[in-house]
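The lines below spell out each chain.
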Amino acid sequence: MTTVESSTVTAPAESAFAELEALFAATPLAAIDHDALRQWQPGSSLWGRLKPVIARRAGARIRWAEVDGHRLNYWDTGASDKPVLVLIHGFGSSKENWSFLSELLHRHYRVLAPDLPGFGNSSFRVDCDYKVTSQAERIAQWLKDLKVDSAFVAGSSMGGAIAAQLAASYPHLVSGLCLMNAAGAPATRVSMLEAGILAGRNFLVANRPAEAQRVFQICFHSRKRVLGAVFAFLMGTEMAQRAIVNHAIFSDLVHSLGDVNACLGQVQAPTLVLWGDSDRVLDVSCVDAFLAAIPQAKAMVFPETGHLPMVERPKDTATVVRAFFSAPHGIVNTENV
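Basis of the calculations
- Residues numbered from 1 in each chain as written.
- Predicted model: local features only at pLDDT ≥ 70, side-chain atom pairs only at ≥ 80, totals over all residues.
- Heavy atoms only, no water.
- Phe/Tyr/Trp six-rings, centres within 6.5 Å; stacked < 30°, edge-to-face > 60°.
- Helix = DSSP H or I, 4+ residues; strand = E, 2+ residues; numbered from the N terminus.
- Buried < 20%, exposed > 50% of the residue type's maximum accessible area, 1.4 Å probe, protein only.
- pLDDT = per-residue confidence, 0-100.
- Contact = heavy atoms within 4.5 Å.
- Salt bridge = Lys/Arg side-chain N within 4 Å of Asp/Glu carboxyl O.
- Disulfide = S-S within 2.5 Å.

1. Let's talk about the packing of aromatic side chains
- Following the criterion strictly, the structure yields 13 aromatic pairs and no others.
- Between the aromatic rings of phenylalanine 220 and phenylalanine 231, the centroid separation amounts to 5.8 Å while the plane-to-plane angle is 75 degrees, which identifies the pairing as edge-to-face. Remark: phenylalanine 231 occurs in helix α9 (residues 225-241) and phenylalanine 220 occurs in the loop between α8 (212-219) and α9; sequence separation between them is 11 residues.
- Given the relative accessible area of 4%, phenylalanine 220 is considered buried.

The structure is reproduced here in structure tokens:
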């Protein structure tokens, strides 16, 4: 019975991701300038100057670690005797994406939020790969170095794919899993991001500061235009500075998705698939694929919400996440949500 279910779900997914890789390889996005990457250095920006302020507002202690030849910057928030909650950000983002959610949850958890290697204040190395499997291994090593034996893990978008890979590869380490608008499962409808990629444009990378507005128009629900404009103003320069790095890492991500999908059946942790119904980056139809692939997974879809529920609806997201991780067997009482 299990074998039949696995073949009917996994084979079409493998084909879909293989096709995506082939289509991506035929676009200009697959061309990486490695010489320019070797010369790249992070620059100063308004967003960079605001990061310590954001950390203080979130009540976060800023820490550093060494993982796989990278300097890893992370937040450590809340009391050390609380259950550990690890928050893994998405592509082109950083730990600051979790500031609203961390502020709401650090009274109940010790919240650890890293800048993934290659992103934010963590280092990027041109000689390393940033595929999902590699990033999951780095997170596992980082947690081991921190002497974290078990944690709840929530990941957004690419971070969701990394969280799923972590749960599949290190089941003892993940006691509960929340996948927020996560990569790694095929949709039945083409999203705005996917349509752009097929046309040779990556709507998640701002090559110039002015293009940051477009990124947040794709990521946020249309009713959050003002919020998107604020983020674009604050982050536009840093996003443009990191464009060449983001293009390279995105290529590694595309070539990782098939592996992520193949591992979903190995996830043993209680899993909540959390989505926004208006996501234009990863279509909400991905939810059904995650539910089909992960045993006993449950789902919740927020109305009038885009790709980043923890930013667009932080209170609702905090309520649902805490309810899921606190409930026996991952059962959420939606009456109080």
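2. Side note on unusual backbone geometry
- Unusually for a residue other than glycine, asparagine 181 sits at a positive phi of about 45 degrees.
- You can see asparagine 181 is positioned in the loop between β6 (174-180) and α7 (192-198).
- If you check the backbone angles, glutamate 304 has positive phi at about 50 degrees while not being a glycine.
- Among the secondary structure elements, glutamate 304 is positioned in the loop between β8 (298-302) and α13 (309-312).
- Overall, glutamate 304 belongs to the partly exposed group, its relative accessible area being 43%.

3. Some words on the confidence of the model for the protein chain
- With 94% of its residues at a pLDDT of at least 70, the protein chain reaches an overall mean of 93.
- Under a pLDDT of 50 for its full length, residues 1-9 has, in the predicted model, 3 contacts with residues more than four places off or in other chains.

4. Description of the environment of alanine 65
- Along the chain, the position of alanine 65 falls in strand β1 (residues 61-67).
- Measuring from C-alpha to C-alpha, the distance between alanine 65 and aspartate 145 comes to 8.7 Å, with 80 residues separating the pair along the chain.

5. A short note on the environment of valine 126
- By the element assignment, valine 126 lies in the loop between β4 (110-114) and α5 (132-145).
- Sequence separation between valine 126 and methionine 180 is 54 residues, and the spatial gap between their C-alpha atoms is 29 Å.

6. Notes on the pattern of salt bridges
- In total, this model carries 15 salt bridges according to the counting rule given.
- One continuous salt-bridge network, built from bridges that share partners, spans Arg61, Asp76 and Arg110.

7. Some thoughts on the state of the cysteines
- For the structure shown, the criterion picks out 0 disulfides.
- No disulfide involves cysteine 219; its sulfur sits 14 Å from the nearest other cysteine sulfur, which is in cysteine 286.

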